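# Fold and contact review
Here is what each chain is made of, one letter per residue.
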Amino acid sequence: MIAQEIHETLKGTFGDAIFEAKVDGVLDPWIRVAPDRVRDISLFLRDDGRMLFDSLMLLTGMDYTKGRLGVVYHLYSMKWNHRIVLKTEVTVDQPHVQSTEAIWKTANWQEREAFDMIGVVFDGHPDLRRILMPDDWEGYPLRKDFQVPEFYNGMKVPY
Amino acid sequence: MKDFLLGILQNEILVYTLMAVVPLAWVIPFALFAVWWERKISAHMQDRLGPMQAGWHGTIQTIADILKLMLKEDIVPTAADSKLFKLAPYVVFGGAYAAYAVVPFSAAYVGSEINVGLFYFISISSIAVVGLLMAGWASNNKWSLYGALRSAAQIVSYEIPVALAILTVVMVTGTLNLQEINDAQGGMFWNWFIFQKFPFLFFALVIYFTASLAEVNRTPFDIPEAESELVGGYHTEYAGMRFALLFLSEYANMFAVSAIATTMFLGGWNSPFGDFMSGPWWGVFWFLLKGMTFIFIQMWLRWTLPRVRVDQLMYVGWKVLIPFSFVLILGVGVWMLAIQ
Amino acid sequence: MDVTLQKEGAVADVDAGRRPATVPGLGRALRAEEMVINMGPQHPSTHGVLRLELIVDGEIVVDAIPHIGYLHRCFEKHAESMNNYQQVIPYVDRLDYVAAMSNEFGYVVAMEKLLKIQVPERVEYIRVIMAEFSRIVSHLIALGTYGIDMGAYTPFLYCMRDREHVLDIFEETCGARLLYNYMWVGGLSHDVKPNFQDKTRDFCKYFRPKIAELNELLSYNKIFKERTAGVGVLPPEVAINYGASGPVLRGSGVKWDLRKNDPYSIYNRFAFDIPVGMGIKGRVGDSWDRYMVRVHEMEQSVNIIEQAVEQLPAGDVQSAIPKRIRPEPGEVYVRTETPKGELGFYIVSDGTASPYRVKVRPPCFVNLSTVPAICRGSMIADVVAILGSIDIVLGEVDR
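A few points on the structure. Remember, predicted model here, so these are calculated numbers, not experimental data. (Residues numbered from 1 in each chain as written. Chains lettered and ligands numbered in written order. Predicted model: local features only at pLDDT ≥ 70, side-chain atom pairs only at ≥ 80, totals over all residues. Heavy atoms only, no water.)

## Here's the deal with the interface of chain C and chain A
Each partner contributes residues to the interface: chain C has 40 residues there, and chain A has 38 residues. With both sides pooled, the region where chain C packs onto chain A buries about 3,400 Å², and carbon together with sulfur makes up 58% of that total. The interface formed by chain C and chain A includes 5 salt bridges. Across the salt bridge formed by K144 of chain A and E80 of chain C, the nearest N and O atoms sit 3.1 Å from each other. Taken together, chain C and chain A are joined by 15 residue pairs in polar contact (both at pLDDT 80 or more). Residue composition of the side of chain C that touches chain A, grouped by class: 21 nonpolar, 6 polar and 13 charged. (Contact = heavy atoms within 4.5 Å. Buried area = accessible area lost by both parts, 1.4 Å probe. Salt bridge = Lys/Arg side-chain N within 4 Å of Asp/Glu carboxyl O. Polar contact = N/O pair within 3.5 Å; in protein donor to acceptor, adjacent residues only side chain to side chain. Nonpolar A, V, L, I, M, F, W, Y, C, P; charged D, E, K, R; others polar.)

Dropping the structure here:
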């Protein structure tokens, strides 16, 4: 299936949870979805016979500045050999996205990383804690406005 | 040798002490040599050179290492049980060294010629297990504890195949006295027990050798000190001379079991050519040469084979070696009864 | 969906280990507790600074919880602060520092797709040769260290000896043995030396018998088979769901290789096989299968190198390197097959010369996440076997 058809199928099934899409003129066609419907849409994408996106290639946390964060899902179907990109956007004040950990187990660690680096909270994740930074680190390093703290546990940080 | 010394010194206690110290004159230089030899063997098997800088081809390397170990800080972990921690290397070395009391280096020298020499040997080498357990427990380190527990299980389990394999030779000679077992193999090399009652005693040697590898914690049975899993197993927390002592006891143990294998199966201090090149000093030479052959094979195996997992090791010990030993005992027994 | 695995005949009861076991028949008199033991950040077998918290019941592992982040060097943050997309390449080297050429390959292929640059043929061929050399080099380390983990110290030295030949070729070409900064966006930093083709052919002739030697020494050794066959079985559906890739996925029987299934560069011009685990010695997807997939992959890499070196065209390797890299606003995700698995680069550009976001999809990170699922129910010694067969490099896991 090409991206246009995937978009139309999703729009048909989920209606207003699908916001915008850019399927022409880009290297990787993408579809933006509502952050609180991500799990249902992912389940549909994984299990529907025409889609069969059994592989979540990459889950990225993004900082779009101006108080907006986002998550980008790169999906691939090993059976049908088609790919699609799902995007969601949330605000810094309400950074909640549904977790897809139950659908693709690989999302377990990748969501932890997105939480660790960008600060997006994934609802329904069984064990959402920092993965790369120390457990008691404060701040989300990959945000554009992140300031390196001067002291961490009494040690000077930029030495 | 005992009578010779008694004639000179007239003091029994002094004589017995000297006799006890004589193997030390072999064990310590042997350990120094064996460490160098092992490094060279492993290096050449691995397509590299090994120690080359200290002395000619690294021969003084071990002495340099001993000097370094002597100068190291003696670290005893704070939370460790320091009495047990400090006592453990001595117990391990004691268990390994006490076995040398019955090893017949030559017709003229055996530390203590007792009639139950073999029995004594098998039992005294188990004292080292106590030392290992002490070392592992007292280190206050979970990984050391693992090493110690595995080691205890391993050594205790493999005592049985050792004893059973030796039993075949005892059946043939009818005595537990190591000097007498040695004497029974006099003459040309085909009198050695490895060629007698063929092939039963030959396989008895194979089983004994394999089980003895487990006794001395050498690969493929070196789980107690498995470097890649346990860092160092029971000797992880030991530094400096304490570690040196544990290391020394490992080599002492290696040679002790090789010595017994030599005595039992390869004719001990007997020359392979009968009367040619035989005598008290030649006996020492032949004995050490044969012992070193086994040491070489032990080192060869260490650098070739991977390590067996602990439950597979128990399987091999209990379900493979022991049944085979029973078959061998049966075979030797039937042979002796049938062919008087 | 419960994707926990089942050991032969055992029922997968995930919570069984959490309750302290009571010994039947003694009522409450004897209580067994689990021990928490750290295969800590410093450990000979964790291949780097990985902390595996093992909850064990005797020798049986009830749970294995990996803690990573000890080697986190803020690669993505650094990439965002670069003034030039080319300056990211030395950082990319240091991800999987054992097979640096593969990382560079992934990055430059992604950048060239974003910039819509076509590189000269010579550049493509040299890149493929270098990437396959890097595959051989990485697998040699993986196999050698796996031998050490199992207690066989000698194969490691043989692998290092063979690796030296490849590192000599690398050093002649770009001056470095481990971290090259060789593949640039649009070309290469140096052309290969005139004796490159002869040296490569000599290496291929030299190396094939060495693989046979390694097989004799380690692969078919009975003790090694007992340690690895049937240990750490990863079923194929679980592998795909966890996102495993590379030899981990192929060891589970899934015939999936990005060089054939999602081709990039000029891989479609070469004839080579995809080795797949078939459960010959144990079960499909066990550690022995993953190990043998790597051994066979080395042979296939030698095939590719021999074909590429025959077809190597003349040309200039620096003609397509852009003076200034200023891509249009947009993003791209490209994945390549590194020795460890599927390495992906998600590059987002905002129209300036400095990257907006460079996200790495590290194969080792994703492969490592399968370890808790595989390790449950095995013994501590098996954890070492499983970790070694997954072949992680912490530089890539932590970035």
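Let's pick the thread back up.
## Side note on the interface of chain B and chain C
Taken together, the contact between chain B and chain C spans 26 residues of the former and 34 residues of the latter. Taking both partners together, chain B and chain C bury about 2,700 Å²; carbon and sulfur atoms supply 57% of that area. At the junction of chain B and chain C, the tally comes to 2 salt bridges. Linking D47 of chain B and R161 of chain C is a salt bridge whose minimum nitrogen-to-oxygen distance equals 2.7 Å. Our count for the contact surface shared by chain B and chain C stands at 10 residue pairs in polar contact (both at pLDDT 80 or more). Of all the elements in the fold, those that place two or more residues in the side of chain B that touches chain C are helix 7 (142–173), helix 10 (227–230) and helix 13 (310–338) of chain B. By residue number, the principal contributor to the side of chain B that touches chain C is helix 7 of chain B, which donates 4 residues. Split by residue class, the side of chain B that touches chain C holds 10 nonpolar, 5 polar and 11 charged. (Helix = DSSP H or I, 4+ residues; strand = E, 2+ residues; numbered from the N terminus.)

## Observations concerning the arrangement of the chains
Among the 2 pairs of chains in contact, the pair with the most contacts is chains A and C. Contact between chain A and chain B is absent, and the minimum C-alpha spacing across the pair is 25 Å.

## A look at the packing of helix 4 (residues 121–150) of chain C against helix 11 (residues 287–310) of chain C
All names here are of chain C. At a minimum axis separation of 9 Å, helix 4 and helix 11 run at an interaxial angle of 150°. Classified by the interaxial angle, the pair formed by helix 4 and helix 11 is roughly antiparallel. You can see that helix 4 and helix 11 cross each other, and the crossing is left-handed. Note on element contacts: helix 11 touches helix 4 through S287, Y291, R294, V295, E297, M298, S301, V302, I304, I305, A308 and V309, opposite Y125, V128, I129, E132, F133, R135, I136, H139, L140, A142, L143 and Y146. By residue class, the composition of the contact of helix 4 with helix 11 is 17 nonpolar, 3 polar and 4 charged. (Axes fitted to C-alpha atoms, helices over the stretch in contact; angles between N-to-C directions. Parallel < 35°, antiparallel > 145°, perpendicular 65-115°, else oblique. Left-handed = near helix turned anticlockwise from the far one by under 90°.)

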